[in-house]
Amino acid sequence: GGEIALNVARAAAAMRPIAQHFGLSIEAAAMGVIRLADANMITALKLVSVRRGYDPRDFALVAFGGGGPMHAAALARELRVKKVIIPTQPAVFSAWGMLMTDLRRDYIRTLILRADRVKPQRFTDIYTEMEAQALSDMQAERVKEGRVRFARYADMRYAGQEHTVKVPVPGGAIADKQMSLIAARFHDLHEHTYTFRLPSAIELVNFHLIALGVVKKPSVPKISSRGTLKRALKGERKVNFDELGFRTSAVYERGLLPVGKPIKGPAVIEEPASVTVVFPGQALTVDEYGFLHIEEV
């Protein structure tokens, strides 16, 4: 927000030992640091997407934290994610998340059973008992019964396997029809995760109940759309976009950006506790809640 003056000379001095060690220019060493950070984040994103059978191209990437918006556009290009969304006040988005999070308790009962041999009534009774316990615990935390929600899961595997797959289980009384549905879901989820299915018998390992105590949540206000791109423009700066090289980029103040007016990259969006980088070939728009949307053009 202009309250802290940046010192390029001191930043360069901090990078000089690294640059000298590897025989690089200071700029190349700094870019190497960013590449390593990007690579670590891409690996983490692949762990929760590609390696679980999900294609990143089917999702939007939500970027938060003070540094997240600086890296998000580069990560999206690497993973071919179609859209990046940056919420308002990204540096404190985790705190906002706590305000929006319901109370949660998890109950797990381990009982190894053959899915084709367990009676539906026993299946129902296990979850009913856990739900009664969960409701009592939630009421002890002053959560009214009408604000308690349940989600059932079962950890299942093929007989003889070590690993399990978490399978959603319907609520209410379980009948033969639901047992067949649960088995079919297991086969589909196992194939989705591990790329194959087997004709083997299925085992139930853990009965898992999630109890949520729904809390009141703050509303997300809409922003004023009276800003203009001319007013938000702060100037221009040369920015290193790695393999795309240095590009002269427009610099904008986020709080003054208008709603719905596209900004073509390269661009930099500044705010008091974060910076968003928009690559060449990308465009940014602001929605009515002040969230930034970055997409390829």
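> How do you make sense of the overall build of the chain when you look at a structure like this?
When its secondary structure is counted, the chain shows 7 helices and 13 strands. Computed over the C-alpha atoms, the radius of gyration of the chain is 25 Å, more than 25% above the 19 Å expected from 2.2 N^0.38 for a compact globule of 297 residues. The dimensions of the chain, computed from C-alpha atoms along their principal axes, are 70 × 45 × 35 Å. A total of 297 residues make up the chain; the buried ones form 35% of that total. Element-wise, carbon and sulfur atoms account for 56% of the exposed surface of the chain, whose accessible area totals about 17900 Å². If the 41 positive side-chain charges of the chain are averaged to one point and the 31 negative ones to another, these points end up 3 Å apart.

> Looking at this structure, I do not really get the pairing of strand E6 (residues 202-213). What am I missing?
Across a regular strand the side chains alternate sides, sitting on one face of the sheet and then on the other. Within E6, 11 of the 12 residues are buried, leaving the element largely enclosed by the surrounding structure. Taken together, the 10 bridges between strand E3 (residues 103-114) and E6 define a ladder with antiparallel strand orientation. Each bridged residue has a counterpart across the sheet, and for Ile108 the counterpart in E6 is His208. Bridging between strand E4 (residues 148-158) and E6 involves 11 bridges; their strand directions are antiparallel. If you follow Ala154 over to E6, its bridge partner there is Phe207.

> Looking at this structure, how should I read the packing of helix H1 (residues 8-22) against helix H2 (residues 26-47)?
In a pair of packed helices, the angle between the axes and the distance between the axes together describe the arrangement. Where H1 contacts H2, the two axes come as close as 9 Å, and the packing angle between them is 85°. Between H1 and H2, the angle is such that the two are roughly perpendicular. Between H1, through Ala12, Met15, Arg16, Ile18 and Ala19, and H2, the contact on the second element is made entirely by Ile26, Ala29, Ala30 and Val33. Broken down by class, the residue content of the contact of H1 with H2 amounts to 8 nonpolar, no polar and 1 charged.

> What's the story with the pattern of salt bridges in this structure? I'm lost.
Opposite charge on two side chains permits pairing when their charged atoms draw close. Here the structure, examined in full by the defined rule, presents 19 salt bridges. A salt bridge links Glu243 to Arg77; its shortest N-O distance comes to 3.1 Å. In this pair, Glu243 is assigned in the loop between strand E7 (233-240) and strand E8 (246-253) and Arg77 in helix H3 (residues 68-79), connecting sequence segments 166 residues apart. On the basis of relative accessibility, which here comes to 29%, the residue Arg77 falls in the partly exposed class. For Glu270, the salt bridge is made with Arg237, and the minimal N-O distance between the two is 2.8 Å. Of the two residues, Glu270 is situated in strand E10 (residues 267-271) and Arg237 in strand E7; the sequence distance between them amounts to 33 residues. Each of Lys234, Arg237, Glu253 and Glu270 takes part in one network of salt bridges that share partners.

> Could you clarify how one ought to interpret the pairing of strand E13 (residues 292-296) in this entry?
Direction of pairing for strand E2 (residues 83-86) relative to E13: antiparallel, over a ladder of 4 bridges. When the sheet's bridge partners are listed, Lys83 is paired in E13 with Glu295. Across 5 bridges, strand E12 (residues 282-286) lies against E13 in antiparallel orientation. Opposite Gln282, over in E13, you have Glu296 as the bridge partner. The turn linking E12 back onto E13 is made up of 5 residues, and Gly290 within it adopts a positive phi angle of 90°.

> How should I be thinking about the packing of H2 against H3 in this particular structure?
H3 packs onto H2 with a crossing angle of 60° between their chain directions and a minimal axis gap of 10 Å. Comparing their axes, H3 and H2 come out oblique. Note that H2 runs across H3; the crossing there is right-handed. In this structure, H2 contributes Ile34, Ala37, Asp38, Met41, Ile42, Leu45 and Lys46 to the contact, and H3 contributes His71, Ala74, Leu75, Glu78 and Leu79. Tallied by class, the residues present in the contact of H2 with H3 amount to 8 nonpolar, 1 polar and 3 charged.

> What is the right way to look at the side chain of Glu253 in this model?
By the secondary structure assignment, Glu253 is in strand E8. A distance of 2.9 Å separates polar atoms of two side chains, one belonging to Glu253 and the other to Lys234. The residues touching Glu253, leaving out its near neighbours within four places in the chain, are Ala232, Lys234, Glu270, Glu271 and Pro272.

Cut-offs and rules
- Residues numbered from 1 in each chain as written.
- Predicted model: local features only at pLDDT ≥ 70, side-chain atom pairs only at ≥ 80, totals over all residues.
- Heavy atoms only, no water.
- Helix = DSSP H or I, 4+ residues; strand = E, 2+ residues; numbered from the N terminus.
- Rg over C-alpha atoms; globule rule 2.2 N^0.38 Å.
- Buried < 20%, exposed > 50% of the residue type's maximum accessible area, 1.4 Å probe, protein only.
- Areas by Shrake-Rupley, 256 points an atom, 1.4 Å probe, with all protein chains shown as cover.
- Lys, Arg positive; Asp, Glu negative; His and termini not counted.
- Charge placed at Lys NZ, Arg CZ, Asp CG, Glu CD.
- Pairing = 2+ DSSP bridges.
- Axes fitted to C-alpha atoms, helices over the stretch in contact; angles between N-to-C directions.
- Parallel < 35°, antiparallel > 145°, perpendicular 65-115°, else oblique.
- Contact = heavy atoms within 4.5 Å.
- Nonpolar A, V, L, I, M, F, W, Y, C, P; charged D, E, K, R; others polar.
- Salt bridge = Lys/Arg side-chain N within 4 Å of Asp/Glu carboxyl O.
- Left-handed = near helix turned anticlockwise from the far one by under 90°.
- Polar contact = N/O pair within 3.5 Å; in protein donor to acceptor, adjacent residues only side chain to side chain.

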